[in-house]
2 protein chains.
Amino acid sequence: MPTIKDVARAANCSTATVSRALASPEKVTASTRERVNRAIAEVGYSPNVAARNLRRSESRTIVILLPDISNPFFSAIINGMEDVAHSAGYQVLIGDCDLDPSRAEAYFSLLPTNQADGIILLTSDVPAVLVQQAHRRPDFPLVMACEFYDDIELPTVCIDNFAAARHAIDYLQSLGHSRIGSISGPLLNPICRERVKGYQAAMKDAGQTLAEPWMREGDFSFHSGYQQGLQLLEDAANRPTAVFCHSDEMAIGVLKAARQLDLDVPGDLSVIGFDNIGFSEYCEPELTTISQPRNDIGQQAMKNLLDIIGGKQVAARQILSTQLIVRESTGRAPTV
Amino acid sequence: MPTIKDVARAANCSTATVSRALASPEKVTASTRERVNRAIAEVGYSPNVAARNLRRSESRTIVILLPDISNPFFSAIINGMEDVAHSAGYQVLIGDCDLDPSRAEAYFSLLPTNQADGIILLTSDVPAVLVQQAHRRPDFPLVMACEFYDDIELPTVCIDNFAAARHAIDYLQSLGHSRIGSISGPLLNPICRERVKGYQAAMKDAGQTLAEPWMREGDFSFHSGYQQGLQLLEDAANRPTAVFCHSDEMAIGVLKAARQLDLDVPGDLSVIGFDNIGFSEYCEPELTTISQPRNDIGQQAMKNLLDIIGGKQVAARQILSTQLIVRESTGRAPTV
DNA sequence: TGCTTGAATGTAATGCATTACATCAATAAC
DNA sequence: GTTATTGATGTAATGCATTACATTCAAGCA
């Protein structure tokens, strides 16, 4: 591989001039610039990234930490992030923290060693101590997307989970439902607690008491939706007529549970999901759900991070709007 | 950040000794090693990766090129690859070529510039010229997984697509089906052509003629399965009793088409998918499908690549076995 | 003309780890 | 006791781009 020296020789100038022609063209005469560019093409030069990174103490790499790659919810977010990152000349490293929370630590340690320039958290599963500690460091660009921590003031771009949940419940109530169950994600997760609060507020405002067993906790997966759904629905005497789920996967799990219990959706039971993943349009019945602007979230979060890396200040919290997508899994409450 | 010099000072030795103590401990006395390790802990040293990479002309980064991150089929494969890569001290860069085939070129160009040490292709959509050209280079570690090119001898680990398809059709025939349709992935793709051949062979062996309109081409997506399914099934007079799809997503699209046409699955129509994605267990009815050992494929492909990087020779083609998973979407052929 | 100023370019130090080669001491061999 | 050998360690060059500082030259001004 030709180096900057070869270019300098071919362009009959110093390596400093070549470097400047590339990094800050305005510092170089038009004619020299031209000469350098020709020389670059001639010798087939492309800069050695390791050398550049070493000298500049940067890596042009952004780490995205997420709980589970295989969750299709994240893919559009990642796409949005990659678009922004690539066009700013950054690479993206995807860190799956699924199994091992200690992996997060390994990813965090990439920053002080200049192996990464910033981190985006798509999860609040990373131990708060670790995040807190990192955030306190002066030069540790760190933002979140979709999620947030209760006690850590990390810039985040997310939706209004309280309002979105409330909207879903309002909608169900407008269909005549009053017995509405909820299958949440892990309650350790602040966004899930927000959604639960939205659910509770809507129920309370409508003057409905909350039967404790109607509030169940899952882990966003098909399987947990199915299991919690079975338990929620098995007791015919005390069965909700609608279920609000914190993920589409869980909602689809509930659809399966309902089929197993011979419940018609939406005749006997309305089901509403969250995220609007691809499947939600192809399950039976098609799923009513809340859609998040996933691509926008990704883009905006990455912009924020790059701004912080560039030394700018960014808003502590940006709220993007959601949309209720009504499909077939919700209908009027059954008349008793 | 402390450098190797600081460690050398603290351990009262030269930087060379520190470097050796880390890279090849056997070249250093036990006592020195001990002293160095203490010094490292004391000053809180961790090696500067950019400097190391510069010196060694490597990057410890592997690129995985795939057609579409959001396809859940790939996630388990990626996990398998990451496991192997991480424990060998490599990072993984995921390259989505979804939209723009020119992106592949950008990823390929990471190798000659030492920004990546090897590439795994999970797609045969990358222009063959590019691949051919890269493969001819002496030092261009490149392997495939799941897929292959007809005319390029790239090491690959995949399944026997011909046999798997044939197995699926045999199974349908054993249920009494003789009118079996097929919705393939893009026929540009060699693995799809293999599957089609397997389908054709099984049909021919059973003495069945292939009605041309029963062989349809999709693109692996829900939507294409739905569309092709509608067309395949709309003509009641000339309708297959079973459909073999090259992806679960397409099979689920067919389920939707069948519902729309008021066909009972598996009463009127059997449907069989490919890949055994998570959703296949939660759709209605649950999908019969062919499962690939995705994690193994990922692990093995990454091992191959690392072997090649390490200068070893690897098998041109490794075939891992598939499994037919029978669920609810297949049943006996309807009696006429 | 002589001097200042600023733009353009060059020189050389720098970032950090690795490793070929040199040195030294201790052991083995005669 | 002397030389050859081996193992441990040190010295210094190396990989490549960047950039602070130095130099040069021409335009601008008195």
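Residues numbered from 1 in each chain as written. Chains lettered and ligands numbered in written order. Predicted model: local features only at pLDDT ≥ 70, side-chain atom pairs only at ≥ 80, totals over all residues. Heavy atoms only, no water.

The name an unreviewed UniProt entry gives chain A is LacI family DNA-binding transcriptional regulator, with Natronospirillum operosum as the organism.

1. Here we look at the environment of Ala165(B)
Residues and elements named next belong to chain B. Mapped onto the elements, Ala165 comes out in helix 8 (residues 161-174). Sequence spacing of Ala165 and Val196 is 31 residues, and the spatial spacing of their C-alpha atoms is 7.4 Å. For Ala165, the contacting residues outside a window of four places in its chain are Arg195, Gly198, Tyr199 and Phe244. (Helix = DSSP H or I, 4+ residues; strand = E, 2+ residues; numbered from the N terminus. Contact = heavy atoms within 4.5 Å.)

2. Some details on the domain arrangement of chain A
Residues and elements named next belong to chain A. The assigned domain composition of chain A is domain 1 (4-47), domain 2 (59-159 + 294-320) and domain 3 (161-292). Just the C-alpha atoms count here: the centres of domain 2 and domain 3 sit 29 Å apart. Listed as interface residues are twelve residues of domain 2 and, on the opposing side, 13 residues of domain 3. Summing both partners gives a buried area of about 1,200 Å² for domain 2 against domain 3, and 55% of it is carried by carbon and sulfur. Along the contact surface separating domain 2 from domain 3 lie one salt bridge. The interface formed by domain 2 and domain 3 contains four residue pairs in polar contact (both at pLDDT 80 or more). Here the residues of the side of domain 2 that touches domain 3 sort into seven nonpolar, two polar and three charged. (Domains from an automatic or database assignment. Buried area = accessible area lost by both parts, 1.4 Å probe. Salt bridge = Lys/Arg side-chain N within 4 Å of Asp/Glu carboxyl O. Polar contact = N/O pair within 3.5 Å; in protein donor to acceptor, adjacent residues only side chain to side chain. Nonpolar A, V, L, I, M, F, W, Y, C, P; charged D, E, K, R; others polar.)

3. Considerations on the protein's contact with DNA strand D
Looking at DNA strand D, there are 24 residues lining it, with Ile4(A), Arg52(A), Thr17(B), Thr32(B) and Arg55(B) nearest. Backbone atoms, meaning sugar and phosphate, form 59% of the atoms of DNA strand D found within 4 Å of the protein. A distance of 2.5 Å is found between a phosphate oxygen of DNA strand D and a side-chain nitrogen or oxygen belonging to Thr17(B). A distance of 2.8 Å separates a base nitrogen of DNA strand D from a polar atom in the side chain of Arg20(B). At the level of secondary structure, the elements contributing two or more residues to the surface near DNA strand D comprise helix 2 (15-23) and helix 4 (49-56) of chain A together with helix 2 (15-23) and helix 4 (49-56) of chain B. Its residues assigned to classes, the surface near DNA strand D comprises ten nonpolar, nine polar and five charged. (Near = heavy atom within 4 Å.)

4. Quick word on the protein's contact with DNA strand C
Surrounding DNA strand C, one finds 24 residues, the nearest of these being Thr17(A), Thr32(A), Arg55(A), Ile4(B) and Arg52(B). Close to the protein, within 4 Å, the atoms of DNA strand C are drawn from sugar and phosphate at a rate of 60%. A distance of 2.5 Å separates a phosphate oxygen of DNA strand C from a polar atom in the side chain of Thr17(A). Here a phosphate oxygen of DNA strand C sits 2.5 Å away from a polar atom, N or O, in the side chain of Thr32(A). When residues of the surface near DNA strand C are traced back to their parent elements, those giving at least two are helix 2 and helix 4 of chain A together with helix 2 and helix 4 of chain B. Classifying every residue of the surface near DNA strand C gives ten nonpolar, nine polar and five charged.

5. Let's talk about helix 12 (residues 294-309) of chain B
Between the first and last C-alpha of helix 12 of chain B there are 23 Å, a value that for 16 residues agrees with the 22 Å anticipated at 1.5 Å per step. Phi turns positive, to about 90 degrees, at Gly311(B), one or two residues after helix 12 of chain B. (Expected span 1.5 Å × (residues − 1).)

6. Examining the interface of chain B and chain A
A common measure of how large an interface is: the accessible area buried when the components associate. Opposite the 43 residues of chain B that make contact, chain A presents 41 residues. Approximately 3,700 Å² of surface area, both sides summed, lies buried where chain B meets chain A, with 60% of it carried by carbon and sulfur atoms. In this structure, Glu284(A) and Arg259(B) form a salt bridge, with 2.9 Å as the shortest nitrogen-oxygen distance. Across the contact surface, chain B and chain A share twelve residue pairs in polar contact (both at pLDDT 80 or more). Contributing elements (two or more residues each) for the side of chain B that touches chain A: helix 4, helix 5 (73-87), strand 2 (91-96), helix 6 (102-108), helix 10 (222-234) and helix 11 (248-260) of chain B. Take the side of chain B that touches chain A: its biggest share by element is six residues, from helix 5 of chain B. Each residue belonging to the side of chain B that touches chain A can be placed in one class, and the counts come to 21 nonpolar, 13 polar and nine charged.

7. Section: the sheet that holds strand 9 (residues 270-275) of chain B
Residues and elements named next belong to chain B. Sheet architecture is open: six strands sit in the order 7-6-8-9-10-12, paired in mixed fashion. Unpaired on one side and paired on the other, strand 7 (215-217) and strand 12 (323-325) mark the two borders of the sheet. Within this sheet the neighbouring strands show an average axis-to-axis angle of 20 degrees, counted without direction. The sheet contact formed by strand 8 (residues 242-245) and strand 9 spans three bridges and is parallel. Note on strand 9: the bridge partner recorded for Ala242 is Ser270. (Pairing = 2+ DSSP bridges. Axes fitted to C-alpha atoms, helices over the stretch in contact; angles between N-to-C directions.)

8. Here's the deal with the packing of helix 8 of chain B against helix 9 (residues 190-205) of chain B
Packed helices, taken two at a time, are described by their axes: the angle between them and the distance between them. All names here are of chain B. Running from N to C, helix 8 and helix 9 point in directions that differ by 40 degrees, and their axes come no closer than 7 Å. In this structure, helix 8 meets helix 9 at a crossing whose hand is right-handed. Residues Asn161, Phe162, Ala165, Arg166, Ile169, Asp170 and Gln173 of helix 8 touch helix 9, and the partners they reach there are Ile191, Glu194, Arg195, Lys197, Gly198, Tyr199, Ala201, Ala202, Met203 and Asp205. Across the contact of helix 8 with helix 9, the residue classes break down as eight nonpolar, three polar and six charged. (Left-handed = near helix turned anticlockwise from the far one by under 90°.)

9. Examining the UniProt feature "domain: HTH lacI-type" (unreviewed entry) in chain A
Residues annotated in UniProt with the feature "domain: HTH lacI-type" (unreviewed entry) correspond here to residues 2-56 of chain A. Helix makes up 71% of residues 2-56 of chain A and strand 0%, with an end-to-end C-alpha separation of 21 Å. (UniProt positions renumbered as here; feature names shortened; annotations may be inferred.)

10. Quick word on the relation of the copies chain B and chain A
Superposing chain B onto chain A takes a rotation of 180 degrees plus a shift of 0.0 Å along the axis, which leaves an RMSD of 0.1 Å. Within this description, the copies of the chain are treated as partners about a two-fold rotation axis. Minimal C-alpha separation from the rotation axis in chain B is found for Ala50(B), amounting to 2.6 Å. Most of the interface of chain B is mirrored in chain A, where 95% of its interface residues are also at the interface. (Least-squares fit on C-alpha atoms with pLDDT ≥ 70 in both.)

11. Looking at the pattern of salt bridges
According to the stated counting rule, one finds 20 salt bridges over all chains in the structure shown. Of the charged contacts, one joins Arg166(A) and Asp205(A) as a salt bridge, the two residues approaching to 2.1 Å between their closest N and O atoms. Here the residue Arg166(A) occupies a position in helix 8 (residues 161-174), and Asp205(A) occupies one in helix 9 (residues 190-205), the gap between them amounting to 39 residues. Between Lys256(A) and Glu286(B) there is a salt bridge, and its shortest N-O distance comes to 2.7 Å. In this pair, Lys256(A) sits in helix 11 (residues 248-260) while Glu286(B) sits in the loop between strand 9 and strand 10 (288-291), so the two residues belong to two different chains. Looking at Lys256(A), the relative accessible area reads 12%, which means it is buried. A cluster of three or more residues bridged by salt bridges with shared partners is formed by Arg56(A), Glu58(A) and Arg60(A). (Buried < 20%, exposed > 50% of the residue type's maximum accessible area, 1.4 Å probe, protein only.)

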